[in-house]
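# Descriptive analysis of the structure
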Amino acid sequence: MSIVYIVSAPSGSGKSTLVNELFKMVRNLDFSISYTTRAPRGSEQNGKEYFFVSRKEFEDMIAADEFLEYAEVFGDEKVRGEYYGTARRFLLEAENRSNDLLLDIDVQGASKIKEKIPEAVSIFILPPDREKLEWRLRTRGLDSEEVILRRLETARREIENYSKYDYILVNKVIEKSADQLKDIVLSERLQRSGKALSEEDKRLVETAQACRLDRAREQVQPILASFHPQVVKGN
Ligand code: 5GP
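A few points on the structure. Keep in mind it's a predicted model, so treat the numbers as computed, not measured. (Residues numbered from 1 in each chain as written. Predicted model: local features only at pLDDT ≥ 70, side-chain atom pairs only at ≥ 80, totals over all residues. Heavy atoms only, no water.)

Among the nonpolar cores identified, the biggest contains 41 residues, and V4, I6, Y35, I113, F124, L126 and I168 are the most heavily contacted of them. Ranked by the residues each element gives to this core, the list is headed by helix 9 (residues 213–226), at 5 residues. Not counting residues up to four positions away in its chain, the partners in contact with I6 are L103, I105, A110, I113, K114, A120, V121, S122 and I123. With 21 residues, the next largest nonpolar core counts V7, L29, A178 and A208 among its residues. (Core = buried A, V, L, I, M, F, W, Y, C linked by side-chain atoms within 4.5 Å. Buried < 20%, exposed > 50% of the residue type's maximum accessible area, 1.4 Å probe, protein only. Helix = DSSP H or I, 4+ residues; strand = E, 2+ residues; numbered from the N terminus. Contact = heavy atoms within 4.5 Å.)

Here it is, written out as structure tokens:
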């Protein structure tokens, strides 16, 4: 049985870089390339980061039950969001190859996958604080002011869902976070393998355990507070 890893993070948290680093370090792991109706950004290529499709094509795929999950992301009362979806075939293909599968999906998608595959491993990546996230969104220069503000608001809402995840990773230093992500992936493999763990394996499992939700809660509180500037400390 393939292990399904779900990675979610507010946009601009450095998730893509971390996931790219992970794939350089871990073997037998497939990436589920999502379908989306949003336009490609920067150097993105069809079939690499995403499959870019029209609304009609996406809705036809929904009707044909081709998605394991899908969601409309970044919508609000005024603006219709874009569709993003995980195709069922990626999980089947990973299983046929005896590989594990990593899904880079949002909070809504993560909870739908957890309902269908409760043993999936979910990992939430957090930025160190709101200021750093805003800085990253602005300096990458990919989005308009309106989109940046919407992403920050979405980030605030998404971060409040952190406690639905199994692991929390605060992305301060990219190299360190990439190692932690790798340890989580390898640790889950070791624990599910049923084999006796060596001392080295045990150390790896222990490093990963440090990111478990119950041990990370304290770290999350100041980050959550930074997204609610109206709550002044001491008041
Ligand atoms: P972006 O447009 O920045 O690439 O992604 C926006 C959000 O959509 C991210 O939070 C990303 O994780 C999420 N996303 C990407 N693919 C999927 C998917 O297949 N399903 C769901 N539910 N969310 C996705």
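From this point on, the discussion continues.
The next thing to look at is the sheet that holds strand 6 (residues 82–87). Spatially, 4-3-6-5 is the arrangement adopted by the 4 strands of the open sheet, whose pairing is mixed. Strand pairing shows two members of the sheet lacking a second neighbour, strand 4 (50–52) and strand 5 (67–73), which therefore form its edges. Strand-to-strand, the axes of this sheet are offset by a mean angle of 25°, without reference to chain direction. Sheet topology note: the strand 5/strand 6 ladder contains 6 bridges and is antiparallel. Counted as the bridge partner of Y70 is G85 from strand 6. Packing against the sheet, helix 3 (residues 88–96) makes contact with strand 3 (34–36), strand 4, strand 5 and strand 6, and its axis sits at approximately 25° to strand 6. (Pairing = 2+ DSSP bridges. Axes fitted to C-alpha atoms, helices over the stretch in contact; angles between N-to-C directions.)

In this fold, S187 is placed in helix 7 (residues 174–193). Assessed through its relative accessible area of 0%, S187 is described here as buried. With residues near it in sequence (within four places) discarded, S187 still touches L204, V205 and A208.

At N28, a residue that is not glycine, the phi angle is positive and equals roughly 55°. Relative to the helices and strands, N28 resides in the loop between helix 1 (15–25) and strand 2 (29–31). Of note in this structure, S98 is not a glycine but carries a positive phi near 60°. Take S98: it is sitting in the loop between helix 3 and strand 7 (100–104). We classify S98 as exposed; its relative accessible area is 64%.

This part is about the environment of T139. Positionally, T139 belongs in helix 5 (residues 130–139). Sequence spacing of T139 and C211 is 72 residues, and the spatial spacing of their C-alpha atoms is 28 Å. There is a polar contact of 2.9 Å between the side chain of T139 and the backbone oxygen of W135. A polar side-chain atom of T139 sits 3.4 Å from the main-chain carbonyl oxygen of R136. (Polar contact = N/O pair within 3.5 Å; in protein donor to acceptor, adjacent residues only side chain to side chain.)

What surrounds the ligand is a group of 18 residues, the closest being S34, R38, Y50, Y84 and D106. Between the ligand and Y84, the relevant distance is 2.5 Å, taken from an oxygen atom to a side-chain nitrogen or oxygen of the residue. The separation between a nitrogen atom of the ligand and a polar side-chain atom of D106 is 2.7 Å. Applying the majority rule of atoms within 2 Å of the grid points places the ligand in the largest pocket. Contributions of two or more residues to the shell around the ligand are made by strand 5 and strand 6. Considering each element in turn, the shell around the ligand owes the most residues, 3 residues, to strand 6. The class makeup of the residues in the shell around the ligand is 6 nonpolar, 5 polar and 7 charged. (Near = heavy atom within 4 Å. 1 Å grid on protein atoms, 1.4 Å probe; cavity = no way out; pocket = protein on both sides within 12 Å on 5 of 7 lines; lining within 4 Å. Sits in = over half its atoms within 2 Å of the grid points. Nonpolar A, V, L, I, M, F, W, Y, C, P; charged D, E, K, R; others polar.)

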